[in-house]
Amino acid sequence: MKSLEHEANVEPSNSVEIDCNKDIYTFEEFVDIIRELRSEHGCPWDREQTHESLRECMLEECYEAIDAINKNDLENLKEELGDVLLQVALHTVIAEETNEFTMDQVTTDISKKMIHRHPHVFSDINAESSSEVLRNWEAIKEKEKKEETVSDGMLRVAEALPALIRATKIQKKAAKVGVEGEDTRTVINLLKTSINEIEKQSAIGNSSHIEEEIGKTLFLITDLSRKLGVNAENSLTNATDKFINRFIGVERLAEGEGKHLKDMSIDEQTALWGRVIKNIFK
């Protein structure tokens, strides 16, 4: 984690035997380093951390690992996976200090889960395809979580997930029992109606209804994406990247004319956007 880089030259205390000059460290040695950082002779920042204070760090490091995967940057992925592992170790060492759970319990639980959810590997169940494996996985998971209804499964979908991902997971759970909602054409018509309603409520200035309709529109777009086999989260990410690239082009054109975008009229800005798009499709 980037915020710990300043501690690289700090000498650890003798409470844990740490060799600071090794070429290779094992997982157990890594956890001992985290325990030392959390000790009374360790780092003030690390000692102050709690499960709650580290939430944003966990989220940030996971996203940075995903970014490295998207960019096929394996060297950076190695580093980012270490940062994710750091978060796991910090949370577990914090839990050890209050006798909540230990690292051995964390690794034991996930090991048992992997064995239990892969009966086609560790037992005599057959699974000839990935889709069959996923069906078995979901069935086993439902039994583990004591999910008696589809609603139980929906309520277990993490609220902290990005909204588009959470909506897709909820829609998939509904679809599993045949509750597919509207067909593609109907969803598109509903989207048109919802957008018209946003326009109407915007003219009135009814903010609560606008928020409700925008939420409905996003949910419908997510449903449409799923029905068309498109990942809504990836689509939005790609659209955002495209906007950034085009904005860079517009800003460069403005700078080439000795101007700043903020000082230009809407018509002038629109003309620059047109030039950028035209250059893209040459």
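Below is a short write-up of the structure. As the structure is a prediction and not an experimental result, all values here were calculated from the model.

Details of the overall build of the protein
When you go through the protein residue by residue, the secondary structure sums to 13 helices and zero strands. When the helices and strands of the protein are placed in sequence order, the string is α-α-α-α-α-α-α-α-α-α-α-α-α. A compact globule built from 282 residues would reach a C-alpha radius of gyration of about 19 Å, whereas the protein, at 26 Å, exceeds it by more than 25%. Each principal axis of the C-alpha atoms in the protein carries an extent, and together these give about 70 × 60 × 40 Å. By the burial criterion, 24% of the 282 residues in the protein qualify as buried. Put simply, 51% of the contacts in the protein that link residues at least 6 apart link residues at least 24 apart. When the accessible area of the protein is evaluated, it comes to approximately 19,800 Å², of which 55% is carbon and sulfur surface.

What to know about a nonpolar patch on the surface
Taken together, the side chains of F243, I244, F247 and I248 make up a nonpolar region of the molecular surface, amounting to roughly 340 Å² of accessible area. Mapped onto the fold, I248 is located in helix α12 (residues 232-256).

As for the pattern of salt bridges
Side-chain pairs of opposite charge can arise whenever the charged atoms involved come near each other. Overall, the coordinates contain 15 salt bridges when judged by the stated rule. Across the pair E96 and R35 runs a salt bridge, and its minimum N-O distance is 2.9 Å. Pair noted here: E96 is in helix α4 (residues 74-97) and R35 is in helix α1 (residues 27-38), with a separation of 61 residues, a long-range link. Residue R35 is classed as partly exposed on the basis of its relative accessible area of 30%. One connected set of salt bridges, linked through shared partners, spans E257, K259, E268 and R275.

A closer look at the packing of aromatic side chains
This model, assessed by the stated rule, comprises two aromatic pairs. Ring centres 6.0 Å apart and planes at 35 degrees place the aromatic pair F243 and F247 in the tilted group. With F243 and F247 both in helix α12, this residue pair falls four residues apart, about one helical turn. A relative accessible area of 47% means that F243 is categorised as partly exposed. In this structure an aromatic cluster arises from ring pairing among F243, F247 and W273.

Some points on unusual backbone geometry
Although it is not a glycine, N72 sits at a positive phi angle of roughly 55 degrees. Given the relative accessible area of 60%, N72 is considered exposed. The backbone phi angle of N99 is positive, close to 60 degrees, even though this residue is not glycine. Looking at the element boundaries, N99 is found in the loop between α4 and α5 (103-116).

Describing the environment of T186
Secondary-structure assignment places T186 in helix α10 (residues 184-204). Residues T186 and E60 lie 126 residues apart in sequence; the distance between their C-alpha atoms is 38 Å.

Things to note about the packing of α12 against helix α13 (residues 266-280)
Put simply, α12 and α13 touch, their axes get as near as 9 Å, and they point 115 degrees apart. In this structure, α12 crosses over α13, and the sense of that crossing is right-handed. Of the residues in α13, those touching α12 at F243, R246, F247, G249, V250, L253 and A254 are L272, W273, R275, V276, I277 and I280. For the contact of α12 with α13, the per-class residue count stands at 10 nonpolar, one polar and two charged.

Reading the values: rules and limits
- Residues numbered from 1 in each chain as written.
- Predicted model: local features only at pLDDT ≥ 70, side-chain atom pairs only at ≥ 80, totals over all residues.
- Heavy atoms only, no water.
- Helix = DSSP H or I, 4+ residues; strand = E, 2+ residues; numbered from the N terminus.
- Rg over C-alpha atoms; globule rule 2.2 N^0.38 Å.
- Buried < 20%, exposed > 50% of the residue type's maximum accessible area, 1.4 Å probe, protein only.
- Contact = heavy atoms within 4.5 Å.
- Areas by Shrake-Rupley, 256 points an atom, 1.4 Å probe, with all protein chains shown as cover.
- Patch = residues over 30% accessible without salt bridge, like charges linked within 9 Å, V, L, I, M, F, W, Y side chains within 5 Å.
- Salt bridge = Lys/Arg side-chain N within 4 Å of Asp/Glu carboxyl O.
- Phe/Tyr/Trp six-rings, centres within 6.5 Å; stacked < 30°, edge-to-face > 60°.
- Axes fitted to C-alpha atoms, helices over the stretch in contact; angles between N-to-C directions.
- Left-handed = near helix turned anticlockwise from the far one by under 90°.
- Nonpolar A, V, L, I, M, F, W, Y, C, P; charged D, E, K, R; others polar.

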